[in-house]
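# Observations on the model geometry
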Amino acid sequence: MKPTRWQRWGVQVGLAPGPRSLRRHLLLWLLVPQLVLWLAAAFVTYHLAARYTNMAIDRSLYQTSRALAQQVKPIGNGLLIDFPKAAQAIIETDPDDTVYYMVSTPPGHFILGNKNLPPPPPLPQIELERPYFYDGMVGDVPVRVSALYLAYGEDDSPQQLLVQLAKSRATREELARQILIDTALPLSGLIVLMSLIVWAGIRTGLAPLARLRSAVEDRAPNDLTPIEIEQAPAEVRALVQALNTLLAEVHENVSAQKRFISNAAHQLRTPLAGLKSQTELALAEAQDPALRTRLARVHESAARAAHLVGQLLTLARAEPESALAQARTRLDLARLAKELTAEQVPRALQAGMDLGCEDARDPAEAEAALPVLGHPLLLREAVSNLIDNAIRYAGRGATVTVRLGRDGPWALVQVEDDGPGLPRDPDIYERVFERFVRVTNDGHGCGLGLAIVREIIERHGGQVRLEPVTPHGVRVTVRLPVAADRGP
């Protein structure tokens, strides 16, 4: 997984050990209550539907039981049952459900109907002409029963007549389920629509945070300019202001360090140059071998210090805030590389090396310019550092080649040597571009040469890569964008 720029800087972003999505958190707290409310609404709807369905069925049972009671007519102390087959068929034949009925005279004298109907529950006091409704079973069939008590007979010896009418509860439950389905489907559609609206609202509300994240991720590691997000909510603006305050403090600290390094380098350059001159004069006049050895060491240390000061000044010039890094012109990279190679030939010969420059382009293009857009002084410093590194570390008898080429929209400069090279460890080939990192004690470098090269090349929109050469040696490849052709 590729680390973010903040992770490369060593910044741990986040308050919790694990990642936590604010969008997921908000969706969870908004959608889960909706789901709970939907379930509660479905439960209440089902029970309300069952209640009102019972009321409708109970009313139907009561009316039918009244009609059935009218078919039993009292005559004196007896009963006249006027219940023809046609009326019986009307009651018993229901296209949607099964209807049971029974007429009896309490306590349990059956007159007509179905003997299996469950009796009414015990009542503390029976009221005549008032219907009683209860649930029961006829065999394995659950039923809803209506019981109606009526009086008949003479006034001096009244008797009771019980008319029971039962209907299967399947119709009631089916009707309740249908009402639930008819209610839940539109409600589910509304819940889905509301969820989409909530999701869109959260996405819109968190859009400023996404823009802030993009603004931070797209920045270069040393870009400390203030972040600008217009038309953002107050909470995001407060976060941006806090980040801008932090960036301003970091920028001030970094600028103070750069000013200190630049000023110190400027102040040290003159006395170091004087020290080198004095040691050279002293070496020319000294006769004592021990004294000459000590003076040589002093001169070597002064030269290394002067080289370090020069490298620090180059780093200061390469910073994007400097005016030197901003001024760019069109130049011929091939001509620049050839000139620098020619300048370093005497030094290479003195070190016992073979230094040369070759053009890997087609013969027809070898004499053509290799135009790039950049600052001549900085690019000169970058290519010069590459050649200087090769001469310092390749060793006596090595061959150093500066190779020019072009790869599509890229201009290439390669510095290759067949010296001892570096250990075959991929991490080392990346670490050598860090400041003050040296992987070998050979030579007299200070660990800034390749860091300066990367800083300058990346400021020009290019790339630099270090790779091993078979059987031994290293190759540094610099890629810079080819400048567009000039208009007429």
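Just so you know, the residues in each chain are numbered from 1, in the order the chain's sequence is written. A pLDDT threshold of at least 70 governs which residues receive local features in this predicted model, and a stricter bar of 80 or more applies before side-chain atom pairs are shown or counted, although totals over entire chains, interfaces and linings include all residues. Side-chain measures here rest on the full set of heavy atoms in the structure, leaving out hydrogens and waters.

## Examining the overall build of the chain
From N to C terminus, the chain includes 11 helices and 14 strands. Working definition: with a 1.4 Å probe on protein chains only, accessible area under 20% of the residue-type maximum means buried, over 50% means exposed, and in between means partly exposed. In the chain, which comprises 488 residues, the proportion classed as buried is 34%. By definition, residues are in contact when any of their heavy atoms lie within 4.5 Å. The contacts of the chain with a sequence gap of at least 6 include a subset with a gap of at least 24, amounting to 63%. Helix and strand assignments follow DSSP, with helices taken as H or I runs no shorter than four residues and strands as E runs no shorter than two, numbered in order from the N terminus.

## A look at the pairing of strand β7 (residues 159-168)
Burial within β7 is extensive, with 8 of its 10 residues counted as buried. Being paired, for any two strands, means DSSP has found at least two bridges between them. Alignment of strand β3 (residues 99-105) against β7, held across 6 bridges, turns out to be antiparallel. In the sheet register, Val103 faces β7, and the bridge partner there is Val163. Summarising the sheet, strand β6 (residues 141-152) and β7 pair through 10 bridges and their orientation is antiparallel.

## Section: the environment of Leu150
By the secondary structure assignment, Leu150 is in strand β6. Sequence spacing of Leu150 and Thr105 is 45 residues, and the spatial spacing of their C-alpha atoms is 9.5 Å. Residues in contact with Leu150, not counting those within four places in the same chain, are Arg66, Ala69, Leu128, Glu129, Gln159, Gln160, Leu161 and Val163.

## Some words on the packing of aromatic side chains
Pairs were defined over the aromatic rings of Phe, Tyr and Trp, the Trp ring being its six-membered one, requiring ring centres within 6.5 Å. Orientation was assigned from the angle between planes: stacked under 30 degrees, edge-to-face over 60, tilted for the rest. This structure, assessed with the given rule, holds 1 aromatic pair. With centroids separated by 6.1 Å and ring planes inclined at 75°, the aromatic side chains of Tyr132 and Tyr149 adopt a geometry described as edge-to-face. Highlighted residues: Tyr132 in strand β5 (residues 131-138) and Tyr149 in strand β6, separated in sequence by 17 residues. The exposure classification of Tyr132 matches that of Tyr149, with both residues buried.

## Some words on a nonpolar patch on the surface
A cluster of nonpolar residues, Leu22, Leu26, Leu30, Leu209 and Leu239, forms a patch on the protein surface that exposes about 370 Å² of accessible area. Per-element accounting of the nonpolar patch gives the leading share, 3 residues, to helix α2 (residues 22-69). Structurally, the position occupied by Leu239 is in helix α5 (residues 234-285). For patches, a residue must show more than 30% relative accessible area and have no salt bridge; joins then use 9 Å for like charges and 5 Å for nonpolar side chains, namely Val, Leu, Ile, Met, Phe, Trp and Tyr. The protein chains shown are the only cover counted for residues, whose accessible areas, like all others here, come from Shrake-Rupley with a 1.4 Å probe. The salt bridge criterion pairs a side-chain nitrogen of Lys or Arg with a carboxyl oxygen of Asp or Glu, the two atoms within 4 Å.

## Quick word on the sheet that holds β7
Read across the sheet, 5 strands follow the order β4-β3-β7-β6-β5 without closing on themselves; strand pairing throughout is antiparallel. Strands with a single pairing partner mark the edges of an open sheet, and in this sheet they are β4 (109-113) and β5. The sheet shows a mean angle of 25° between the axes of neighbouring strands, direction not considered. Comment: axis = line fitted to C-alpha atoms, over the contacting stretch for helices; angle = value between 0 and 180 degrees taken between N-to-C directions. Relative to β6, α2 is tilted by about 45°, and along the sheet it contacts β3, β5, β6 and β7.

## A few points about the packing of α2 against helix α4 (residues 170-217)
Contact geometry for α2 and α4: axes closest at 9 Å, N-to-C directions at 165°. As far as their axial angle goes, α4 and α2 are roughly antiparallel. For the pair α2 and α4, the sense of crossing is right-handed. Throughout, the ten residues Ala, Val, Leu, Ile, Met, Phe, Trp, Tyr, Cys and Pro are labelled nonpolar, Asp, Glu, Lys and Arg are labelled charged, and all others, Gly among them, are labelled polar. Its residues placed into classes, the contact of α2 with α4 shows 25 nonpolar, 7 polar and 4 charged. For this classification, under 35 degrees means roughly parallel, over 145 means roughly antiparallel, 65 to 115 means roughly perpendicular, and everything else is oblique. Helix crossings fall into two classes, left-handed where the near helix is turned counterclockwise from the far one by less than a right angle and right-handed where it is turned clockwise.

## Considering the pattern of salt bridges
On inspection of all chains with the given rule, the structure shows 18 salt bridges. Between Arg403 and Glu358 there is a salt bridge whose closest N-O contact spans 2.7 Å. Within this pair, whereas Arg403 is found in strand β11 (residues 399-407), its partner Glu358 is found in strand β9 (residues 354-359), the two being separated by 45 residues in sequence. Among the salt bridges present, the one from Arg465 reaches Glu467, with a minimum N-O distance of 3.6 Å. It is possible to trace a salt-bridge network through shared partners that takes in Glu358, Arg403, Glu416, Arg465, Glu467 and Arg475.

## Description of the nonpolar core
By nonpolar core we mean a set of buried residues, namely Ala, Val, Leu, Ile, Met, Phe, Trp, Tyr and Cys, connected to one another through side-chain atoms within 4.5 Å. In this structure, Leu333, Leu379, Ile387 and Leu466 are the most contacted members of the largest nonpolar core, which totals 45 residues. Secondary structure elements with two or more residues in this core: α8 (333-350), α9 (376-394), β11, β12 (410-417), α10 (426-431), α11 (449-459), β13 (463-468) and β14 (474-481). Among the elements that make up this core, the one with the highest residue count is α9 (9 residues). Apart from the residues lying within four places of it in its own chain, the contact partners of Leu333 are Leu370, Val372, Ala411, Val413 and Leu480. Formed by 15 residues, the second largest nonpolar core is a distinct cluster that contains Val99, Tyr101, Leu112 and Leu148.

## A short note on unusual backbone geometry
With an omega dihedral of 5°, the bond running from Thr470 to Pro471 counts as a cis peptide bond. Tracing the chain through its elements places Pro471 in the loop between β13 and β14. A positive phi angle is found at Glu129, which is not glycine, with a value near 70°. Along the chain, Glu129 turns up in the loop between β4 and β5. Residue class for Glu129 comes out partly exposed when judged on its relative accessible area of 41%.

## Some remarks on α9
An expected span of 1.5 Å times one less than the residue number is assigned to each helix. With 19 residues, α9 ought to run about 27 Å at 1.5 Å a step, and its terminal C-alpha atoms sit 27 Å apart, in line with that. Within the sequence span of α9, burial applies to Leu378, Leu379, Ala382, Val383, Asn385, Leu386, Ile387, Asp388, Asn389, Ala390, Ile391 and Ala394. Gly395 sits one or two positions beyond α9 and adopts a positive phi of about 95°.

## Some words on the sheet that holds β11
Ordered by their spatial adjacency, 5 strands build an open sheet running β9-β11-β12-β14-β13, and the pairing between neighbours is mixed. The open sheet is flanked by β9 and β13, the only strands paired with a single partner. Within the sheet, the average angular offset between the axes of one strand and its neighbour, ignoring direction, is 15°. Alignment of β13 against β14, held across 6 bridges, turns out to be antiparallel. In the strand pairing of β14, Arg465 is matched with Thr477. Here α9 sits on the sheet and contacts β9, β11, β12 and β14; the angle it forms with β12, its principal contact strand, is near 20°.

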